[in-house]
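Structural overview
Residue-level listing of the chains:
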Amino acid sequence: MHPLLHPLFVDYCAYFNGNQDYFECHEVLEEYWKDIAPGNKNHPLVGYIQLATGFYHWRRNNYTGAQRILNKAISNFSRNKDCPFFEYIDFPQLLKDCTKTVDAIQNRTPFVPISIVITHPSLAQLVKRKIRSLPPISDDFLLHKHMLRDRSDILRMREEKRNGRR
């Protein structure tokens, strides 16, 4: 199976292109990345995660954070341009859209979503099918999703790490 046909990448594209749930994009692709290349911060999946994170920040008017993380995504994509993780999408268009987005963010332009242009019929079909199954989500929920989740396990791990350093 091609790596872009993996169900978690399909989910990523559906969340990105469908309901623009960038937080969920991050969650599903982080799971895929940790499964195939844990710790490799130069892996192209990290670039896709950074892309979603940048759009999440932009939507929340965190222009500084959005610009910084999208520049990292562009750098990652450029380093990895010849890898299979860009074969089924319009890679030149993705880079162009990312660059235009960074320019818009620098000019403090209000949030405008982009779509990842999918060029392979099988991936396009899988993403369309997944998009049709997505439930409607309010803009307010998408805007504040990171604050609405249960973070008790994350906070516990941070506390344990802090206590271990003492």
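All of these numbers come straight from a predicted model, not from anything done at the bench. (Residues numbered from 1 in each chain as written. Predicted model: local features only at pLDDT ≥ 70, side-chain atom pairs only at ≥ 80, totals over all residues. Heavy atoms only, no water.)

1. A closer look at the packing of helix H1 (residues 7-19) against helix H3 (residues 44-59)
Geometrically, a packed helix pair is captured by the angle between its two axes and the distance between the axes. Inclusion rule: Axes here refer to lines fitted to C-alpha atoms; in helices the fit is confined to the stretch in contact. Angles between the N-to-C directions go from 0 to 180 degrees. Runs of H or I in DSSP of at least four residues are treated as helices and runs of E of at least two as strands, each being numbered from the N terminus. Oblique is the label for any angle not under 35 degrees, not over 145, and not in the 65 to 115 range, which are roughly parallel, roughly antiparallel and roughly perpendicular in turn. Take the far helix as the reference: if the near one is turned anticlockwise from it by less than a right angle, the crossing is left-handed, and if turned clockwise, right-handed. The contact criterion used is simple: two residues touch if any of their non-hydrogen atoms lie within 4.5 Å. Three residue categories are used. Nonpolar comprises Ala, Val, Leu, Ile, Met, Phe, Trp, Tyr, Cys and Pro, charged comprises Asp, Glu, Lys and Arg, and polar comprises the others, including Gly.
Taken N-terminus to C-terminus, the directions of H1 and H3 make an angle of 25°; their axes are 12 Å apart at the nearest point. Relative to H3, H1 is oriented roughly parallel. Pair H1 / H3 crosses with left-handed handedness. Of the residues in H3, those touching H1 at Phe9, Tyr12 and Phe16 are Leu45, Tyr48, Ile49, Leu51, Ala52 and Phe55. A breakdown of the residues in the contact of H1 with H3 according to their chemical character gives 9 nonpolar, no polar and no charged.

2. As for the side chain of Asp11
Rules: Burial classes follow relative accessibility: with a 1.4 Å probe on protein chains only, a residue under 20% of its type's maximum area counts as buried, one over 50% as exposed, and anything between as partly exposed.
Mapping Asp11 onto the fold places it in helix H1. For Asp11, a relative accessible area of 17% puts it in the buried group. For Asp11, the contacting residues outside a window of four places in its chain are Val28 and Lys130.

3. Some words on helix H5 (residues 91-106)
For clarity, the threshold we go by: One fewer than the residue count of a helix, multiplied by 1.5 Å, yields its expected span. The term polar contact refers here to a pair of N or O atoms within 3.5 Å; inside protein, the definition further demands a hydrogen-donor-capable atom paired with an acceptor-capable atom, and it admits residues adjacent in sequence only when both atoms are side-chain atoms.
Here H5 contains 16 residues, and its C-alpha end-to-end distance of 23 Å stays within 8% of the 22 Å for a straight helix at 1.5 Å per residue. Sitting at the amino-terminal end of H5 is Asp90, which places a side-chain oxygen 3.1 Å from the backbone nitrogen of Gln93. With its phi angle positive at about 60°, Arg108 sits one or two positions after the end of H5.

4. A short note on the packing of aromatic side chains
As a reminder of what qualifies: Any two rings among Phe, Tyr and Trp, with Trp reduced to its six-membered ring, count as a pair given centres within 6.5 Å; such a pair is stacked if its planes are under 30 degrees apart, edge-to-face if over 60, and tilted if neither.
Under the definition given, this model contains 17 aromatic pairs. On the basis of an interplanar angle of 80° and a centroid distance of 5.3 Å, the ring pair of Phe77 and Phe86 is categorised as edge-to-face. A single burial state applies to Phe77 and to Phe86, both of which are buried. One aromatic cluster is present, formed by Phe9, Tyr12, Phe16, Tyr22, Tyr48, Phe55, Trp58, Phe77, Phe86, Phe91 and Phe111 through successive ring pairs.

5. A few points about the packing of H1 against helix H6 (residues 121-133)
Contact geometry for H1 and H6: axes closest at 8 Å, N-to-C directions at 60°. The hand of the H1/H6 crossing is right-handed. Residues Phe9, Val10, Asp11, Cys13, Ala14, Tyr15, Asn17 and Gly18 of H1 touch H6, and the partners they reach there are Leu123, Leu126, Val127, Lys130 and Ile131. For the contact of H1 with H6, the class distribution of residues is 9 nonpolar, 2 polar and 2 charged.

6. A closer look at the environment of His120
The residue His120 is located in the loop between H5 and H6 in this model. Side-chain polar atoms of His120 contact the backbone nitrogen of Ser122, separated by 3.2 Å.

7. What to know about unusual backbone geometry
One non-glycine residue, Asn61, lies in the positive phi region at around 65°. As for its position among the elements, Asn61 is in the loop between H3 and helix H4 (63-79). In this structure Asn61 comes out as partly exposed when scored by relative accessible area, which is 49%. In this structure, Arg108 takes a positive phi of about 60° despite not being glycine. Residue position: Arg108 is located in the loop between H5 and H6.

8. Some remarks on the nonpolar core
It is characteristic of soluble globular proteins that their nonpolar side chains tend to be buried jointly. Selection criterion: In plain words, nonpolar cores are sets of buried Ala, Val, Leu, Ile, Met, Phe, Trp, Tyr and Cys residues tied together by side-chain atoms within 4.5 Å.
Grouped together as the largest cluster of nonpolar side chains are 51 residues, with contacts concentrated most on Phe9, Tyr12, Phe16, Tyr48, Leu51, Phe77 and Leu94. Elements represented by at least two residues in this core include exactly H1, helix H2 (22-36), H3, H4, H5 and H6. Looking at which element gives the most residues to this core, the answer is H3, with 9 residues. The residues contacting Tyr48, other than those within four sequence positions of it, are Phe9, Tyr12, Leu29, Phe77, Phe85, Phe86, Ile89 and Leu94.

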